[in-house]
Structure formats: C-alpha cells, structure tokens
Amino acid sequence: DKLNWQIANEMGSAVLYKNMQYYFDKIGMKNTAEYYGKQAEGEYSHADGIAKFISDRDCIASVSVKTFPIMESDIEAIINQTLKHEKYVTKALYEVYELACETEDPLTKVFIHDYIKEQIEEEAVSQMLVDTYSLTSDLLLFDNRVKELI
C-alpha cells in the first residue's frame, strides 16, 4: 500500500514537472522547459518502475495521482518549489524504506534504496538551480546554464 502511495507521488511529480515545462515554454525559456520535460519523463518512469516491482511480487499496483499545485506567475517561486518538492519526495521514499525495515521486507529495502540514491542527486541539482537563479537576474543566462543539465 505504501508503494502504491509512492506511485501517486511519482505520478503527481510527473504532472507537476509537465506543468512547469509548459510554463517555461510559454515564457520562452526553452532549455528550462526541456529540463522540466525530462524531469517529468523521469518521474513517470519511477512510477512505472514501482508498479512493475509491485506486479513482479504478485501484488496489484494502483495508479493514482497526488496533486501538487504549481506557482505559475513567479519564476523564482517555481525554482524554489522544485527544491522543496524534491525534498518532499526524498522524505516520502524514506518513509517507504522505514516501513520496509519495520516489516522486515529486504526486497523493498534494496529496491527503494536506488530511488533514494537518485533523490540525493535530484536534490543537489535542484539546489544548484536555486543557487544559479539567485546569482543572476539574466533569464537567458540562467536558461543557458540549465541547458548544461539536459
């Protein structure tokens, strides 16, 4: 059940990042839009991977989507929201891991560990986005810097 909850988190993350992609595309920040598009694809892939893991264990995966609203009118708020959101996802994955420990489920512990490891990288990239944006008011420069992440 906790893994299905995490599927909802991952699907919600995919939708959130897709909406961010559309926002940045609308305002002409094409590289940033592409970055968020790739993030959305990655989140969808995570949800699919968890669903496959559940299915491989002869259980039924359930797809739902947790809603994460986007702050559409403020670039800085969106970038800060990205970091905050990645920290939320990390915390959620820790909850899955802790439950696996409590229920003595070594397969889920090993499986979810890879997701947690990737989250550390995602938080670091999100922090870099926040730091880069805070250092420049030049949106073109920022957008070009994001291109390096794609």
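Reading the values: the criteria
- Residues numbered from 1 in each chain as written.
- Predicted model: local features only at pLDDT ≥ 70, side-chain atom pairs only at ≥ 80, totals over all residues.
- Heavy atoms only, no water.
- Disulfide = S-S within 2.5 Å.
- Buried < 20%, exposed > 50% of the residue type's maximum accessible area, 1.4 Å probe, protein only.
- Salt bridge = Lys/Arg side-chain N within 4 Å of Asp/Glu carboxyl O.
- Helix = DSSP H or I, 4+ residues; strand = E, 2+ residues; numbered from the N terminus.
- Contact = heavy atoms within 4.5 Å.
- Core = buried A, V, L, I, M, F, W, Y, C linked by side-chain atoms within 4.5 Å.
- Expected span 1.5 Å × (residues − 1).
- Phe/Tyr/Trp six-rings, centres within 6.5 Å; stacked < 30°, edge-to-face > 60°.
- Lys NZ or Arg CZ within 6 Å of the ring centre and 35° of its normal.

Caption draft 1: Looking closely at the state of the cysteines. What the rule picks out here adds up to 0 disulfides. A disulfide-free cysteine, Cys 59 has its sulfur positioned 18 Å from the sulfur of Cys 101, the nearest such atom. Under the relative-accessibility criterion, Cys 59 is labelled partly exposed at 47%.

Caption draft 2: Quick look at the pattern of salt bridges. A full pass over the atoms with the stated rule returns 5 salt bridges. The salt bridge partner of Lys 30 is Asp 25, with a shortest N-O separation of 2.9 Å. Overall, the relative accessible area of 47% leaves Lys 30 in the partly exposed class. Linking Asp 56 and Lys 52 is a salt bridge whose minimum nitrogen-to-oxygen distance equals 3.1 Å.

Caption draft 3: Fine view of the environment of Ile 75. With respect to the secondary-structure elements, Ile 75 resides in helix α3 (residues 75-102). Ignoring anything within four residues of it in the chain, the contact list for Ile 75 reads Tyr 23, Phe 24, Ile 27, Met 29, Tyr 133 and Leu 139.

Caption draft 4: Here's a closer look at the nonpolar core. Counting 22 residues, the largest nonpolar core has Met 20, Phe 24, Tyr 36, Ile 75, Ile 79, Leu 129 and Phe 142 as the members making the most contacts within it. Here this core gets 5 residues from one element, more than from any other, and that element is helix α1 (residues 2-26). Excluding residues within four positions of it along the chain, Phe 24 makes contact with Met 29, Thr 32, Ala 33, Tyr 36, Ile 75, Ile 78 and Ile 79. Met 11, Ala 47, Val 96 and Ile 112 belong to the second-largest nonpolar core, a separate cluster that totals 15 residues.

Caption draft 5: Expanded view of the side chain of Asn 9. Residue placement: Asn 9 occurs in helix α1. You can call Asn 9 buried: its relative accessible area is 1%. Non-local contacts of Asn 9, meaning those with residues more than four positions away in its chain, are made with Lys 66, Phe 68, Tyr 88 and Ala 92.

Caption draft 6: Examining α1 more closely. Helix length check: α1 (25 residues) gives 36 Å between terminal C-alpha atoms against 36 Å at 1.5 Å per residue, within 8%. Positive backbone phi, at 85 degrees, marks Gly 28, one or two positions downstream of α1.

Caption draft 7: Representation of the environment of Thr 82. As for its placement among the helices and strands, Thr 82 is situated in helix α3. Among the residues examined, Thr 82 registers a relative accessible area of 1% and is labelled buried. Along the backbone, Thr 82 and Glu 123 are 41 residues apart, and their C-alpha atoms lie at a distance of 8.8 Å. Setting aside anything within four residues of it in sequence, one finds Thr 82 in contact with Tyr 17, Met 20, Tyr 36 and Ser 126.

Caption draft 8: Layout of the packing of aromatic side chains. Inspection of the entire model under this criterion finds 8 aromatic pairs. Where Phe 111 meets Tyr 115, the ring centres are 5.0 Å apart and the plane angle is 50 degrees; that geometry is what we call tilted. Separated by 4 residues within a single helix, Phe 111 and Tyr 115 lie in helix α4 (residues 106-135), roughly one turn from each other. Residue classification places Phe 111 among the buried positions, given a relative accessible area of 18%. When the ring centre of Trp 5 is taken as origin, the NZ or CZ atom of Lys 2, which lies over that ring, is 4.1 Å away.

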